[in-house]
Structures are given as structure tokens and as C-alpha cells.
Amino acid sequence: MRDQLNPIVEKIALLKTSHPANIAVQCFDPEYFGSLDSGLQQRLLDCMRSGLDNPDSEMGCYACLVDDYEVLRPFFAKAISRYHGIDDQSHHVSDWTVPQGDMLDITKFGLPALSLRIRVGRNFADLPLTSAMTLQDRTSLETRMAAVFERLQSNPELAGTYVSLTPGHPNQLTKPEYEKLVADHVIFKAMDADPYLISAGIAGDWPHGRGCYFTRDHSFIVWVGEEDHLRIMCMKKGTKLKLVLDQLHSALQIIERSADSPFARSNDFGTVTTCPTNLGTGMRASIHLNLPHLTAGGSVDRVKEIAAPLGLGIRGMGGEHTPIGADGTVDVSPRARLCITEGEIVSRLYEGIGQLIEAERRLASD
Ligand code: ARG
């Protein structure tokens, strides 16, 4: 077995030189690998498959089983600390209270109602992660969630519709219906077109067991069977950011309770997510800000310069790796997920909005 694996170790050694930005490759320690039995060696390689098939990866690995982060800790702790910029002894703590203790009202910055979106990834502790699920696991996840969605019907804020991508499912979407929901950012894009997800096994059995639940106004959406078992999001146009945070928190508690099965949590890394980049809170909170002066000429460089030291990332409007809106609208979101609390993420976004708007106005009046 060891001899068969040697070519892989050699391949990784070459990638270390050719791809310095691939975190998984850089954190692979041949000595640690050599100390593992063949089963664990294979388990580590399964987690690294996406980053080895796609050497241009930034993170380059995904967990396959909920306890991979513990069982393969010497590898993951190093990769996690490098990506998140934290000490490898750090301990994540969850807390949904906002440090300011108020509503985080953006009218303080003279802003009108904007739409805030907060999503979290969650995985059930008793199933393999999406990278290692069998077809049967994917189907049973969808069945489990059907029962949860049934229970949500009695809650006026969360009552909605479930649509499925599973062939033959009673709620199966037609192709045009699916495409419309993708265009409206309600449901996720086809996973079998993403090379990272394919190599990782996350796109396996596509589109079986996949679907989406949403309220009529799209203010509450649950994705089933994308990168994590669940992606749960709340979206609201308003001025008080804390309202959306509180709504999401209560929805999560209701879902976990009605599923009768706990979400996976790690002692040190918080919420367990398939991708190590999302560990901790599993949360991304974002807002669309119109910054025409700061983005004049179509470049986001100036916005990024202001945003980076505030811990904020800037994206285009269509998600990861998309261009900014032609009118200068950008998606602003705190980068940190781990060793930051849920409340701190939203409060960091709030403070950042204030700073970016001030810089935009300063430029507008020049
Ligand atoms: N696996 C890809 C990489 O390592 C994406 C990682 C972050 N994105 C995500 N959707 N989890 O570059």
C-alpha cells in the first residue's frame, strides 16, 4: 500500500513548489502522512482530492466525515490556522449577541433601507458530509428535511414551499422553473459544472437529493444538498441589521429542534462545514452597497484598499468570482468565519458600511 502511495507523495512534493498558494498542498507533511495507517492515509487523500485535481485551489481540501477535523487534526489544524489567520490552538466560541447591544441601525449613516443577507452552513452530525454521501444518504437527507419543512408551515414567518431537483420527486422542478430560480438567486447553480465540487465528490449523484425551500417573499431560504447539508439564509430589506440576525438565529433553532437530530459541532472549530473556509460560525453576512465614486472606472481596487483593513471582502453581485455591477454596486461582507462570534460578524459589517459610505461621500464632495 505504501509503495502505491509514493507517487502521490511525490506529486504533492512537486505541487509544493509549483503551487505555493494551495494551502492543503503546503500543509501536507510527508512525515505525518507516513505515520498514518493506510486507511487514514486514504482518508487524508480523499479530503485533499479537490486540491490535487485542481492545483489552483486556494484552500485545496474539504472534510468528508464530520470527525475528519478531529481524526486528521494535525493536517487540518495547520490548514485552518493558515487560511483563517488564527493560532492553531484557538478555540471558537459562538455568541449571537451584538457587542454594541443595539439594533445596528444604518440610518445612523444616513442610509435608506438596504437588503442584508445572512447565510449559514449546517450539517447533521449523523450523516457523512456531502463529499462522502451515498445516493441513499442524499435521499434520506431530503426526506428528513421534508418533515422539517412540513413543521415550519405553522410558523407564519417561515411557512413556504419546497421544490426538488430529484428526478421523479413529487415537487420536482421543470428545467425552466429551475433556471428562473437560479436567475433570481433563490436556488443554487448546477453543481456538476464546478470542478472543485466534482473532484471533492460534493457534486456526486447530482441532482438527487437536492432541493430548496423558500418563503413566498424569499426572505427565508434553505438549500438542501449543496456544499453543506443545509445552507440556511435570511434576507431582509430594512435598516436594522440585528433583526435579520435574530430571525436567522431563531430559524436555526427551530430547524434543529424539528429535525430531531443535532447539527455537527467541533469543540475547537465550532460549526462543522464541508469546506474548512466556513468553519466556526459557518456564516456569511453581506450587503449590497452602491459606491459609484469609489468604483469609478470599473475598478474595485480602491474599495478593497479601504475594506481589507476592516476585515471586509468585496465581491461582485453574482457571488464568488463575479464582476461588480455596472452602476458601482458591490457586495460587502466580513471575511472572518472562525474565532469571531455571529454577533461580531454583523457588527463588523455595520461598522464597515459606515466607513465605506463616509469614504464614498468624501470623494463625491471633492
Ligand atoms: N475548493 C475551492 C478552493 O480551495 C473553494 C474554496 C472556497 N469556496 C467555497 N465555496 N467553499 O479554492
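As shown above, the structure is provided for reference.
Residues numbered from 1 in each chain as written. Predicted model: local features only at pLDDT ≥ 70, side-chain atom pairs only at ≥ 80, totals over all residues. Heavy atoms only, no water.

Draft legend 1. Broad picture of the overall build of the protein chain. On a plain count of helices and strands, the protein chain comes out with 12 helices and 10 strands. The C-alpha atoms of the protein chain give a radius of gyration of 21 Å, which matches the 21 Å a tight globule of 366 residues would have. For the protein chain, the spread of C-alpha atoms along the three principal axes comes to 65 × 50 × 40 Å. For the protein chain, the residues scored as buried account for 52% of the 366 residues in total. When the accessible surface of the protein chain is totalled, it reaches about 16,300 Å², and 52% of it is carbon and sulfur. (Helix = DSSP H or I, 4+ residues; strand = E, 2+ residues; numbered from the N terminus. Rg over C-alpha atoms; globule rule 2.2 N^0.38 Å. Buried < 20%, exposed > 50% of the residue type's maximum accessible area, 1.4 Å probe, protein only. Areas by Shrake-Rupley, 256 points an atom, 1.4 Å probe, with all protein chains shown as cover.)

Draft legend 2. Here's a closer look at the side chain of Asp68. Along the chain, the position of Asp68 falls in helix H5 (residues 68-71). Beyond its immediate chain neighbours, meaning those up to four positions away, Asp68 contacts Arg43, Cys47, Ala63, Arg73 and Phe76. (Contact = heavy atoms within 4.5 Å.)

Draft legend 3. Region of interest: the pairing of strand E1 (residues 114-122). Burial of E1 is extensive: 7 of the 9 residues sit out of reach of the surface. Strand direction decides the pairing type here: E1 and strand E8 (residues 283-290), joined by 5 bridges, are antiparallel. Across the sheet, Arg119 pairs through a bridge with Arg284, a residue of E8. (Pairing = 2+ DSSP bridges.)

Draft legend 4. Structural view of the site of the ligand. Taken together, Ser57, Glu58, Met59, Gly60, Tyr62, Tyr196, Glu227, Cys275, Thr277 and Glu320 are the residues near the ligand. Contacts to the ligand include Glu58, whose backbone N or O atom sits 2.8 Å from an oxygen atom. Met59 places a main-chain nitrogen or oxygen 2.9 Å from an oxygen atom of the ligand. Taken by itself the ligand offers 340 Å² of open surface, and the protein chains cover 83% of this. In terms of residue class, the shell around the ligand is made up of 4 nonpolar, 3 polar and 3 charged. (Near = heavy atom within 4 Å. Polar contact = N/O pair within 3.5 Å; in protein donor to acceptor, adjacent residues only side chain to side chain. Nonpolar A, V, L, I, M, F, W, Y, C, P; charged D, E, K, R; others polar.)

Draft legend 5. Quick peek at unusual backbone geometry. Note that the residue after Trp206, namely Pro207, is joined by a cis bond; omega there is 0 degrees. Here Pro207 is to be found in the loop between helix H9 (195-200) and strand E3 (211-214). The backbone of Asp205 sits at a positive phi, close to 60 degrees, despite the residue not being glycine. Positive phi, normally seen in glycine, also occurs at Asp260, with a value near 60 degrees. If you trace the backbone, Asp260 turns up in the loop between helix H10 (241-259) and strand E6 (265-266).

Draft legend 6. Spatial organisation of the pattern of salt bridges. Counted by the stated rule, this structure contains 16 salt bridges. Notably, a salt bridge pairs Glu227 with Arg231, separated by 3.4 Å at the nearest N-O pair. In this structure Glu227 comes out as buried when scored by relative accessible area, which is 14%. For Arg231, a relative accessible area of 7% puts it in the buried group. (Salt bridge = Lys/Arg side-chain N within 4 Å of Asp/Glu carboxyl O.)

Draft legend 7. View of the sheet that holds strand E9 (residues 312-315). Strand order in the open sheet formed by 8 strands is E2-E3-E4-E5-E1-E8-E10-E9, with antiparallel pairing between adjacent strands. Of all strands in the sheet, those with a lone pairing partner are strand E2 (161-164) and E9, marking the two edges. On average, adjacent strands in this sheet sit at an angle of 20 degrees to one another, irrespective of strand direction. With respect to the sheet, helix H12 (residues 342-364) is in contact with E1, E8, E9 and strand E10 (329-334), its orientation differing from that of E8 by roughly 15 degrees. (Axes fitted to C-alpha atoms, helices over the stretch in contact; angles between N-to-C directions.)

Draft legend 8. Local environment of the side chain of Glu142. With respect to the helices, strands and loops of the structure, Glu142 is situated in helix H7 (residues 135-152). Nearest to the buried, unbridged Glu142 among oppositely charged side chains is Arg210, at 9.0 Å. For Glu142, the side chain forms a polar contact with the side chain of Tyr162, separated by 2.6 Å. Of note is the side chain of Glu142, whose polar atom sits 2.7 Å from the side chain of Ser164. Ignoring anything within four residues of it in the chain, the contact list for Glu142 reads Tyr162, Ser164, Thr166, His169, Gly209, Arg210 and Val224. (Lys, Arg positive; Asp, Glu negative; His and termini not counted.)

Draft legend 9. Quick look at the environment of Thr161. With respect to the helices and strands, the residue Thr161 is situated in strand E2. The sequence separation of Thr161 and Tyr213 amounts to 52 residues, and the corresponding C-alpha distance is 5.5 Å. Excluding anything up to four places from it in sequence, Thr161 contacts Cys212, Tyr213 and Phe214.

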